[in-house]
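# Analysis of the macromolecular model
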Amino acid sequence: MKELEELQAKIAEEKGEKPEKDKMDIDGKVEVIDVEAHAEAVAAAEAERVRLQQERDIADREAAEREAAEQEKKEKEEKEKEKAKRKNKPISIMPISGTPWCLVWSGDGRVFFYNPTAHTSFWERPEQLVGRADVDRAMACPPAAVTQYFQRKEATATPTATKPANGDLKRSADSSSEDSDAEPAKKAKPEEAASKKPASTTSSSLIDAGKEARIEAEARAARQRALVPLEQRVRVFRQMLQERDVSAFSTWEKELKKIVCDCRYLLLTSEERKQVYNKYVRERAEEERKEKKNKLQQKKNAFKQLMEEAKLHSKSSFNEFSSKHGRDERFKGIDKPRDRLAYFTEHVAELRKRDKDDKERRREQAKTDFIALLKEKAIDRHARWADAKKKVDSEARYKAVESSTLREDYFREYCKIVKEERKKDKDQKEKERDRSSSKKEKKDKERDKDKDKEKDKDDKRDKDGKKEKKKEKGSEPEAATGSEAEAEADADAEAGAGSDAESEAARERAARAQASIKEREREVQRALATSLRDRDKEREYHKRDEAVQHFNALLADLVRNPDLAWREAKKQLKKDHRYAAADLLTKEDKERLFASHTSTLATRRRDKLRALLTELGVAPTAHWRDVRARLRAEPTAPVYTSADKMEREFRDFQRDRQSAAKTALRQLLQETRSITHKTLASMKDVAGGEQLQPVHDMLKHDARYLALDHMAEERASIVQQYVTELAHKGPPPPPTATEPQRRSKQ
């Protein structure tokens, strides 16, 4: 009822009448409704709804037609653009003999001249081709490809011109004016057909003319080949290849357009051309490689000369060098920036090595001069360094030494040298003293021997005189006196021998005591020198250890990027005051500690990435593109400065995981006792290629087997190899065997 009232109100508003409202009295009385008026209102409302629907349908249909017309217009425009492009595209090329020029026909029927060697083109005829009859004939008689192209174009254009489009048919049905315009178009067909007949006749004549020209050229070339020797023709052909700048690294088909226009092209047959071309290309390629190598070497030498003239030093940077000398031709001669940087780095490395050698040489010279200064000042080996320093600190040779630590080390070395020299002098004096004492002893012995000989002679003379006297006096008294004389002589001899033996023993005792004292002094000196040397070494070791700890702490605080280079890191480290605590370390030691620190950081980052990949459950067959997207969403993912490096780490992780899975599968096969040497023989009767299927069924419940589901073929090959190896080894030895032996299966 409510809807009915609304419709009545609308109709009344359209007619200009006031709407009537049905109300219910308080007493419960209802007004009577006219049924006929109600029916008329419903019919009018329905008619209004139908009219509005028709208007909406008409508007939608018109919008669809407008869209279709616009789409059709766009398609026509695109087709026209494509046709314009095809028209401008070359459809045929004809080389002009004896010149590098070619005639080119485009899709719109125009002709232009093109030079493939110089890569230039002209619509007008070049000066080299002015007045040539063959060019006129070629332009008047285009090749067969051109005529065929235009014939196909006309054949495709004819039905489209005669057959009206769907839109034309609709428009003809709507208006009679378009019907009157379409009739003359239909009458024009016979005229177009008549105009096409002479075009086909001219195209056939052009084809015949082109064939005749080629046949005539081949005949002339055959006659010339019969007259000229093969060697001369090959030489001329090679000369032509060289003049035309035929590339040694291109193909015959690509280079043919450069030489086919030349009259020397027909001096050889097709097979001979290919053979000569291949040989020329090989030789020319080798020559070009050598020339390229020589040019590169010359450019490299010129670049080195530029670096020498730039007066670089060991701390020069490539950016400064390139900014100063970037406009130099020798700098531009090296095309690749990577090669320039490599040559610059090599040159700077040589300079560093040279500086290092010079520094070592100067250090050795300063050491020699400092030790000579100490000798000149007569510094005692027992002197203290503080006292010795006061004597020489004003000398230039003292200041030439770099640090106080080195001066103190050189002073200790000087003390050792002086001590060794004193020891050598003392040993030399002892040797000379021993040598002189031995000579004196020899002289004394010789003197004693001479005295003994003289004594013996005197004794003999005395004895002879006494004997003569005894003979004179008588026999008895002679005997008594003789025995007394002999006794006296023996007593004198014994007394002399005893005194000589005592003196010799005393000298030996004194020599032994002196030798023992000297030996003891040597032992004390050796022990003292060893203890001093050990003490110095221990002190140097502690100083170095402390410097290493300071430098490692500095690296841990400031260097947290494993991709940082030493040159950049050194600039940051020098700004910290703790860098001076590592002065005892050499440059090589610092670089080695820095490399060890960055390697540790890289290892930690790799382990963190692998742990994250394992936590995310990355599949063995996952692609890097998908994994990278997941890693970007993870806030705990490690940071890499290079995406390629991160991808390499991912691929290493996948490869290591696959190798670990293969190792685990082999371990599983060894643990499976049901797989023995008889397994392969027992499964030979199984039909088809499923001989080892029972083995796979036994293993498929283990996680180590399922880990290789993505590479089932390789897993099957591992199982096959293991079973075959067991079958080849044969049964295992008995447990009581003393030596493990396997019987080879026969």
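Here we summarise the structure given alongside this text. The shown structure was predicted, so the numbers you read here are calculated from the model rather than taken from an experiment.

## Considering the pattern of salt bridges
With the rule as written, the count across this model stands at 50 salt bridges. A salt bridge links Asp136 to Arg125; the nearest nitrogen and oxygen atoms lie 2.7 Å apart. Placement of Asp136 in helix 3 (residues 133–140) and of Arg125 in the loop between strand 4 (120–122) and helix 3 is noted, with a sequence separation of 11 residues between them. A residue is classified by how much of its surface remains accessible, and Arg125, at 29% relative accessible area, is partly exposed. The shortest N-O distance in the salt bridge between Arg363 and Glu402 comes to 3.7 Å. Linking Arg363 in helix 13 (residues 337–376) with Glu402 in the loop between helix 15 (396–399) and helix 16 (404–473), this pair joins segments that are 39 residues apart in sequence. Judged by relative accessible area, Arg363 falls into the partly exposed class, the value being 26%. Linked by salt bridges that have partners in common, Glu408, Asp409, Arg412, Arg535, Asp536 and Arg539 make up one network.

## Overview of the layout of surface pockets
Taken as a whole, the largest pocket spans an internal volume of roughly 1,600 Å³. For the largest pocket, the lining is made up of 35 residues, of which Lys359, Leu585, Thr586, Lys587 and Glu588 are closest to its centre. For the lining of the largest pocket, the secondary-structure elements that each account for two or more residues are helix 13, helix 16, helix 17 (475–558), helix 18 (566–574) and helix 19 (587–616). Among the elements that take part in the lining of the largest pocket, helix 13 stands out by supplying 9 residues, more than any other. Split into classes, the residues belonging to the lining of the largest pocket amount to 6 nonpolar, 6 polar and 23 charged.

## What about the side chain of His677?
Tracing the backbone shows His677 in the loop between helix 21 (643–671) and helix 22 (679–682). Non-local contacts of His677, meaning those with residues more than four positions away in its chain, are made with Leu726, Ala727, Gly730, Pro731 and Pro732.

## Notes on the packing of aromatic side chains
If you walk through the whole model with that rule in mind, you get 16 aromatic pairs. By way of ring pairs, the aromatic residues Phe303, Phe318, Phe321, Phe331, Tyr343 and Phe344 are connected into one cluster. Looking at Arg110, its charged tip hangs above the ring of Trp123, at a distance of 4.0 Å from the centre.

## Quick word on the nonpolar core
Note on soluble globular proteins: their nonpolar side chains tend to be buried together. In this structure, Leu669, Ile675, Val695, Leu699 and Val719 are the most contacted members of the largest nonpolar core, which totals 19 residues. Sorting the residues of this core by element identifies helix 21, helix 23 (693–699) and helix 25 (712–729) as the ones contributing at least two each. The greatest single-element share of this core, amounting to 6 residues, is contributed by helix 25. In contact with Ile675, not counting residues within four places along its chain, are Leu669, Val695, Met698, Tyr722, Val723 and Leu726. Within the second largest apolar cluster, 16 residues are counted, among which are Ala366, Leu374, Tyr410 and Tyr414.

Cut-off values and rules
Residues numbered from 1 in each chain as written. Predicted model: local features only at pLDDT ≥ 70, side-chain atom pairs only at ≥ 80, totals over all residues. Heavy atoms only, no water. Salt bridge = Lys/Arg side-chain N within 4 Å of Asp/Glu carboxyl O. Helix = DSSP H or I, 4+ residues; strand = E, 2+ residues; numbered from the N terminus. Buried < 20%, exposed > 50% of the residue type's maximum accessible area, 1.4 Å probe, protein only. 1 Å grid on protein atoms, 1.4 Å probe; cavity = no way out; pocket = protein on both sides within 12 Å on 5 of 7 lines; lining within 4 Å. Points joined across faces, edges and corners; volume = space filled by probe spheres on them. Nonpolar A, V, L, I, M, F, W, Y, C, P; charged D, E, K, R; others polar. Contact = heavy atoms within 4.5 Å. Phe/Tyr/Trp six-rings, centres within 6.5 Å; stacked < 30°, edge-to-face > 60°. Lys NZ or Arg CZ within 6 Å of the ring centre and 35° of its normal. Core = buried A, V, L, I, M, F, W, Y, C linked by side-chain atoms within 4.5 Å.

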